[in-house]
Structure formats: C-alpha cells, structure tokens
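Listed below are the residues making up each chain.
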Amino acid sequence: MFTQDDLAFDRQHIWHPYTSLHDPLPCYPIVAAQGCELQLADGRHLVDGMSSWWAAIHGYNHPRLNQAMQQQMSQMSHVMFGGITHPAAVALCRQLVAMTPQTLECVFLADSGSIAVEVSMKMAMQYWLGRGETRQQFLTLQRGYHGDTFAAMSVCDPQNSMHSLWRGFLPQHHFADAPECRFGEAWDERDINDFARLIEQHHSQIAAVILEPIVQGAGGMRFYHPRYLQQVREYCDRYGVLLIADEIATGFGRSGKLFACEHADIVPDILCLGKALTGGTMTLSATLTTRDVAETIGRSAAGCFMHGPTFMGNPLACAVASESLALLQEGHWSSQVARIEQQLRDELLPLRDHPQVADVRVLGAIGVVESRTPVEMAAIQQYFVEQGVWIRPFGRLIYLMPPYVIAPAQLAQLTAAIGKALDNPALFRA
Ligand code: PMP
C-alpha cells in the first residue's frame with residue numbers, strides 16, 4: 001500500500017539522487033519489479049530501459065538471485081570481515097579472480113562504486129609510498145565520471161561535477177582532453193596528444209591514470225576508440241605509472257565484451273567493479289589488483305592497506321553476487337547483448353535524421369539518443385511513464401541500457417517511446 005500521504009512525506013523529507021528538497025521533481029512510486037518490468041503503485045507496469053543504472057542485468061526478482069539471498073540469510077546475513085572470513089566471500093573472490101585477466105589476483109570488497117574508486121586511488125598512493133615515493137596526483141580524462149565521494153569527484157569531469165563548488169577543498173589533478181575518435185570509426189593519432197603531453201610532463205608526480213575504458217558513462221555517454229586506451233596503457237608502461245580501469249558501469253558484459261578493456265586488449269593494474277556485480281540486488285563493489293601492487297602496498301610505512309569498512313565482504317551481497325556471476329558464466333549474456341545491440345542499431349540509428357536529434361550511438365547493450373536541446377525533465381519523465389516505459393534521461397541524453405534478458409517486443413516499446421518523444425516539442429527546452 002502506498003498512499004498520497006507517503007508520496008507527500010517523501011517529497012518533504014527524503015532526498016533523491018541529485019535533487020533539491022525545495023520543489024523537487026516528481027517521484028514515481030514503484031512497489032514491485034519482475035523480469036524487465038517495474039510496477040507502479042497504481043498497478044501500471046513499465047518496461048525498464050535503465051537496469052536501475054546499469055545494475056539489474058538479469059532482470060528483477062530473479063528466482064536464482066532470490067534463492068541465493070534466502071539461503072545465505074538462513075546462515076547469516078552479516079558478520080564483520082576483520083579477523084573473520086566466510087564461504088560467500090571466498091567463493092565470490094575465486095570467481096572474480098578467475099573471470100578477470102590473469103594478473104589481477106587480489107580483491108578488496110567494499111560497499112559501492114564510489115568507494116571502490118576511493119580504494120583504488122588510496123591503493124595507488126600507498127603503492128608509491130611502498131616504493132619510497134610520495135605521489136598524490138592522478139591523470140584522468142575530461143568528461144569522465146567516477147562517483148560522488150570527494151576523491152572520486154576530484155577525478156570526475158570538472159564541469160559536470162561542479163569542481164567550482166569545492167574549490168580549495170578538492171585536490172587538483174590533471175585532465176587530458178576527452179577522446180574524440182569514436183568507437184568503430186577511424187583512428188587519428190592526434191587524439192592522444194594531450195594525454196601524452198600531460199603524462200610526459202608530470203609522470204614523476206602521477207600515482208596513476210584513472211579512466212573509464214571505452215565508455216564514458218555519466219559524463220556524456222561517449223564511446224571512444226580502443227587505440228586511445230591501448231596508447232594510454234603504453235604510456236603508463238613507458239613512464240611506470242599505474243593504470244586504474246573503472247569498469248563499474250561497463251563490467252560484466254554491458255559493452256559487448258565481459259570487460260570493456262578487452263576491446264583494446266589491455267589489462268589495468270587496478271580494476272574497479274560494482275553495479276552489475278550483484279545483478280542489481282545489493283550494494284557491493286570489488287577492487288582488484290596485481291600481486292605486485294598488493295605486495296608493494298604492504299611495504300608502505302603503514303604495513304597494510306588502510307581501509308576496512310564495517311560492511312566489508314557482506315555475506316548476503318557476496319552470495320548474491322556469486323550467483324549473479326554464475327548466471328553470467330552460463331554465457332547467454334554474450335548473445336543477449338549482441339541481439340540487443342542489433343535491435344538498438346535497427347531502431348535507434350534511423351532517428352539520426354530527426355531534426356531534434358544531434359547524434360545517435362550504440363555499443364553493446366547501450367543505446368544513446370542525444371537531442372539538440374536538453375529535455376524538460378518532469379515532462380519527458382511523465383510522458384515515458386504514460387507510454388508504459390521507464391527511461392530516465394539527463395540533459396541532452398536519452399539513453400537505454402536494458403536488462404540483458406529483455407524481450408524484443410519490450411525493447412521495441414522502449415525505442416518507439418523515444419522516437420515518439422522526439423516528435424513532441426513540449427518535452428524539450430526551446
Ligand atoms: N564509476 C562509474 C564509471 C560509474 O558509472 C559510477 C556510478 N554511476 C560510479 C563509479 C559510482 O558508483 P556508485 O554510484 O555505486 O557509488
């Protein structure tokens with residue numbers, strides 16, 4: 001039961017992501033979710049185009065994920081990880097070590113994507129301390145996004161993340177021009193010039209390069225050329241700088257490869273995973289490193305890695321993540337993502353000719369329609385709900401990243417709703 005009173009309480013007392021409590025945008029009450037559909041409190045069903053922000057790759061209320069949680073719950077939902085280990089964490093970390101590149105063999109479990117990024121940055125700094133050097137600078141890309149905590153925010157795109165708000169508090173890092181050569185198009189050597197200049201100039205102070213491989217997500221939904229990533233790896237090797245790959249959004253098949261780094265055939269020194277790790281059921285992240293990084297951290301003055309959250313290795317989250325990875329390992333994701341990619345190409349690319357559209361791009365199970373002017377958020381959200389779909393655009397980006405198990409007819413409903421929205425000028429700013 002969800003009443004008007006509940007909605008009013010929500011509006012007055014509860015923050016939602018990136019919203020104001022002063023005159024907030026409307027929220028839609030969802031009371032259940034099943035497969036690729038969300039159920040509104042009034043009984044209507046919406047086809048889900050978002051996978052709850054890249055996470056619910058197997059769809060909602062999945063019987064095997066539910067069962068994994070129920071079984072774990074009957075043993076123990078949580079126990080501290082300090083001085084204690086448990087079967088769910090060991091099983092999950094075995095799977096992670098096995099499915100990621102061979103050199104990534106040490107795992108740190110934490111609570112969310114942003115914390116995985118914090119952990120990776122701390123690891124890079126402690127790695128250098130272990131080598132007797134103090135390095136506190138990072139090199140990253142404009143248009144990147146790595147999370148909302150302070151260290152993560154300091155390597156997000158300065159404009160998108162409003163660095164001006166935190167001036168004087170946020171550490172200053174180096175930002176290379178965002179890659180311009182697009183995935184699947186011609187490579188131009190000049191694309192790497194700015195990155196090359198920065199690493200050549202500052203490498204002796206740089207602890208690590210941190211970037212989102214191939215897909216720049218929340219900073220613009222851009223897909224860049226694998227040569228860029230290969231060159232980044234080469235420069236990091238040349239100058240002895242660590243490479244952190246933030247695959248929190250791309251990990252577990254979303255870009256068409258199990259990990260987006262595979263598009264460029266490179267391996268990072270530190271890998272951040274989250275979101276789809278638990279199939280969108282619980283919050284959990286993992287940061288993986290090479291043995292060398294792990295051992296060098298151990299040689300820093302602290303003698304250990306200085307991080308240990310209360311809910312580290314939460315058994316319930318580990319158990320469901322383990323089952324989610326087992327589902328992935330059964331291998332259907334690859335053909336599911338390929339099928340979604342084809343359908344997104346067939347149904348979204350023709351929208352390129354629409355006068356309201358600046359660009360359309362598709363990679364793996366990600367489809368992006370970039371409009372010429374920003375969307376009218378409340379109006380377009382309401383419009384999509386009336387069309388029976390859940391799509392949440394931001395700025396000029398209307399995008400889809402559905403669960404991998406979405407049926408072709410459901411996906412067609414999502415793409416059709418976007419096509420129809422473009423014909424309605426009231427849904428876009430002038
Ligand atoms: N890195 C990337 C690439 C992300 O897309 C996100 C979340 N959108 C994060 C980090 C932060 O993850 P979380 O929201 O779980 O803190």
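The rules behind these values
Residues numbered from 1 in each chain as written. Predicted model: local features only at pLDDT ≥ 70, side-chain atom pairs only at ≥ 80, totals over all residues. Heavy atoms only, no water. Near = heavy atom within 4 Å. Polar contact = N/O pair within 3.5 Å; in protein donor to acceptor, adjacent residues only side chain to side chain. Areas by Shrake-Rupley, 256 points an atom, 1.4 Å probe, with all protein chains shown as cover. Salt bridge = Lys/Arg side-chain N within 4 Å of Asp/Glu carboxyl O. Helix = DSSP H or I, 4+ residues; strand = E, 2+ residues; numbered from the N terminus. Buried < 20%, exposed > 50% of the residue type's maximum accessible area, 1.4 Å probe, protein only. Core = buried A, V, L, I, M, F, W, Y, C linked by side-chain atoms within 4.5 Å. Contact = heavy atoms within 4.5 Å. Pairing = 2+ DSSP bridges. Axes fitted to C-alpha atoms, helices over the stretch in contact; angles between N-to-C directions. UniProt positions renumbered as here; feature names shortened; annotations may be inferred.

1. Points about the site of the ligand
Next up, step 1: If you check the shell around the ligand, you find Ser 112, Gly 113, Ser 114, Tyr 145, His 146, Gly 147, Glu 212, Asp 246, Ile 248, Ala 249 and Lys 275 and nothing else.
Next up, step 2: At 2.9 Å, a backbone N or O of Gly 113 approaches an oxygen atom of the ligand.
Next up, step 3: In the environment of the ligand, a nitrogen atom lies 2.7 Å from a nitrogen or oxygen atom belonging to the side chain of Asp 246.
Next up, step 4: In isolation the ligand has 390 Å² of accessible area, and contact with the protein removes 80% of it.

2. Side note on the pattern of salt bridges
Next up, step 1: One pass over the structure, following the stated rule, counts 17 salt bridges.
Next up, step 2: Where Asp 194 meets Arg 197, a salt bridge forms, and the shortest distance between an N and an O atom there is 2.7 Å. Taken together, the residues Asp 194 and Arg 197, both in helix H7 (residues 193-202) and three residues apart, mark about one turn of the helix.
Next up, step 3: Residue class for Arg 197 comes out partly exposed when judged on its relative accessible area of 42%.

3. A short note on the nonpolar core
Next up, step 1: Ranked by size, the top nonpolar core spans 101 residues in total, and within it Phe 195, Val 209, Phe 252 and Phe 384 carry the most contacts.
Next up, step 2: When near neighbours in sequence (up to four residues on either side) are disregarded, Phe 195 contacts Leu 139, Leu 141, Ala 176, Val 209, Tyr 228, Val 232 and Tyr 235.
Next up, step 3: Membership of the second largest hydrophobic core comes to 25 residues, among which are Val 119, Met 121, Ile 244 and Cys 272.

4. A short note on the sheet that holds strand E13 (residues 357-363)
Next up, step 1: Ordered in space as E13-E14-E16, the three strands form an open sheet in which the pairing is antiparallel. Looking at the sheet topology across the chains shown, the edges are occupied by E13 and strand E16 (397-400). In this sheet, adjacent strand axes meet at a mean angle of 10° when their direction is disregarded.
Next up, step 2: Where E13 and strand E14 (residues 366-371) come together, six bridges link them in antiparallel fashion. Bridge pairing in E14 links Val 360 to Val 369.

5. A closer look at the UniProt feature "modified residue: N6-(pyridoxal phosphate)lysine" (unreviewed entry) in the chain
Next up, step 1: Per the UniProt record, the feature "modified residue: N6-(pyridoxal phosphate)lysine" (unreviewed entry) sits at Lys 275.
Next up, step 2: Here Lys 275 is to be found in the loop between strand E11 (270-273) and strand E12 (285-290).
Next up, step 3: Residues within four places of Lys 275 in sequence aside, it is in contact with Trp 53, Trp 54, Ala 55, Ile 248, Ala 249, Gly 280 and Leu 284.
Next up, step 4: Polar side-chain contacts of Lys 275 include one of 3.3 Å to the backbone oxygen of Trp 53.

6. Remarks on the environment of Leu 277
Next up, step 1: Mapped onto the secondary structure, Leu 277 falls in the loop between E11 and E12.
Next up, step 2: Classification of Leu 277 as buried rests on a relative accessible area of 0%.
Next up, step 3: Leaving out residues up to four positions away in the same chain, Leu 277 has contacts with Leu 92, Leu 96, Phe 252, Leu 284, Ser 285, Ala 286, Ala 321, Ser 324 and Leu 325.

7. What to know about the sheet that holds E11
Next up, step 1: The sheet built from seven strands is open, its strands ordered E4-E12-E11-E10-E7-E5-E6 with mixed pairing. If you trace the sheet from one side to the other, it starts and ends with strand E4 (104-110) and strand E6 (174-176), each paired once. For this sheet, the mean angle separating the axes of adjacent strands, direction not counted, is 20°.
Next up, step 2: Contacting strand E5 (137-141), E6 and strand E7 (206-211), H7 crosses the sheet at an angle of about 155° to E6.

8. Overview of the environment of Ile 248
Next up, step 1: The residue Ile 248 is located in the loop between strand E10 (242-246) and E11 in this model.
Next up, step 2: Expressed as a C-alpha distance, the spacing of Ile 248 and Glu 212, which sit 36 residues apart in the sequence, is 8.4 Å.

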